[in-house]
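The lines below spell out each chain.
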Amino acid sequence: MAELKCILWDVDGTLADTERDGHRVAFNMAFDEAGIDRQWDVDTYGELLAVTGGKERIRFDIDRGDMPDMPYETIAGLHARKTIHYQSLIAEGRIPLRPGVRRLLEEAYAQGLTLGISTTTTPAALDALIEHSLGKAWFDRFAVLAAGDIVPAKKPAPDIYNYALQQLAIPAENTLALEDSANGWKSAHAAGLKCVVTINGYTSGHDFDGADLVVSELGEPDGEAIDVLQNPHALHIAHHVELAHLQAIVHG
Ligand code: XBP
Ligand code: MG
């Protein structure tokens, strides 16, 4: 029976719904600014989310013939501009945290659990979200910020979770991942972590077969009952996800 010692959080789609009104808009601003005749609409961007990483996503769109070809350096420059636009959008405070995120983070922190970030996103984009949506105090409360290109392979590869676990020196069996997408869940699972999934508009149709719990959101105690889509552990989850539920999942 394992004890829950650590929670590793995905960022985009899990901490906050950043993709549609944040990353997507920022990519389009960068394309427009560079004179590239391409805009990613909401549905197209949903398809493109199958490819993790912004630079990789642009490359994919080029390879399938929907964007003019350009060398890696140009893609990297375009992506750097996209990150600046994203930072500005986040600084405007237009992307709030998802329900229950702050509650669970604060409760876990107060109980002395180790908290970390494990994301595909560029560090500068992560920093903007921490500063403007979570609050600067969280820079010191997360024991690891594992993000972006620090590992060779992005999600669904397990690399970013393995990196975070290595930095923390905490075993996988004592750690739970919070994710929102199939790529994220596969990455956590491949690293040997239990995983709770909070779906969103872009990921509700993904296949999470084998995930430990799939819910519509973490929810607030006074909120509406959450929709439990998959719950093999059949715990007492009716209205919102509590730390005790996460502990019970890791205990097995
Ligand atoms: C989500 C992603 C990222 C973002 C954009 O990652 O796939 O690529 O869409 O990030 P996660 P960058 O859910 O693991 O946080 O443009 O900064 O690469
Ligand atoms: Mg995600």
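As the structure is a computational prediction, the values presented were derived from the model and not from experiment.

Topic: the coordination of the magnesium ion (ligand 2)
Coordination of the magnesium ion (ligand 2) by the protein involves Asp10 (OD), Asp12 (O) and Asp180 (OD), with metal-donor separations of 2.1 to 2.2 Å. Sequence spacing of the donor residues for the magnesium ion (ligand 2), all on one chain, is D-x1-D-x167-D. In terms of burial, aspartate 10 and aspartate 12 fall into one category: buried.

Points about the side chain of lysine 155
Within the fold, lysine 155 resides in the loop between strand S3 (144–147) and helix H8 (159–168). Within the structure, lysine 155 has its side chain in polar contact with the side chain of aspartate 10 (distance 2.9 Å). One polar contact links the side chain of lysine 155 to the main-chain carbonyl oxygen of serine 118, over a distance of 2.8 Å. Other than its neighbours up to four places away in sequence, lysine 155 contacts Asp10, Thr52, Ser118, Thr119, Thr120, Ile160, Tyr161, Glu179, Asn183, Gly184 and Ser187.

Quick look at the side chain of threonine 83
Within the secondary structure, threonine 83 is located in helix H4 (residues 72–91). Sequence-distant contacts of threonine 83, that is, excluding residues within four places in its chain, are made with Thr122, Ala124 and Ala125.

Re the site of ligand 1
Close contacts around ligand 1 come from 18 residues, with Gly54, His79, Lys82, Thr119 and Thr122 the closest. In the model, an oxygen atom of ligand 1 is placed 2.4 Å from a nitrogen or oxygen of the threonine 119 side chain. Side-chain polar atom of threonine 122 to an oxygen atom of ligand 1: 2.7 Å apart, as the coordinates give it. Taking 450 Å² as the accessible area of ligand 1 by itself, protein coverage stands at 96%. Counting atoms within 2 Å of the grid points, the majority share of ligand 1 lands in the largest pocket. Listing elements by their share of the shell around ligand 1, those giving two or more residues are helix H1 (19–33), helix H3 (54–63) and H4. Counting residues per element, the shell around ligand 1 draws most heavily on H1, at 3 residues. Partitioning the shell around ligand 1 into residue classes produces 3 nonpolar, 9 polar and 6 charged. The two domains that each donate at least three residues to the shell around ligand 1 are domain 1 (6–17 + 96–251) and domain 2 (19–91).

Basis of the calculations
- Residues numbered from 1 in each chain as written.
- Chains lettered and ligands numbered in written order.
- Predicted model: local features only at pLDDT ≥ 70, side-chain atom pairs only at ≥ 80, totals over all residues.
- Heavy atoms only, no water.
- Donors = N, O, S within 2.8 Å, 3.2 Å for Na, K, Ca; no water.
- Buried < 20%, exposed > 50% of the residue type's maximum accessible area, 1.4 Å probe, protein only.
- Helix = DSSP H or I, 4+ residues; strand = E, 2+ residues; numbered from the N terminus.
- Polar contact = N/O pair within 3.5 Å; in protein donor to acceptor, adjacent residues only side chain to side chain.
- Contact = heavy atoms within 4.5 Å.
- Near = heavy atom within 4 Å.
- Areas by Shrake-Rupley, 256 points an atom, 1.4 Å probe, with all protein chains shown as cover.
- 1 Å grid on protein atoms, 1.4 Å probe; cavity = no way out; pocket = protein on both sides within 12 Å on 5 of 7 lines; lining within 4 Å.
- Sits in = over half its atoms within 2 Å of the grid points.
- Nonpolar A, V, L, I, M, F, W, Y, C, P; charged D, E, K, R; others polar.
- Domains from an automatic or database assignment.

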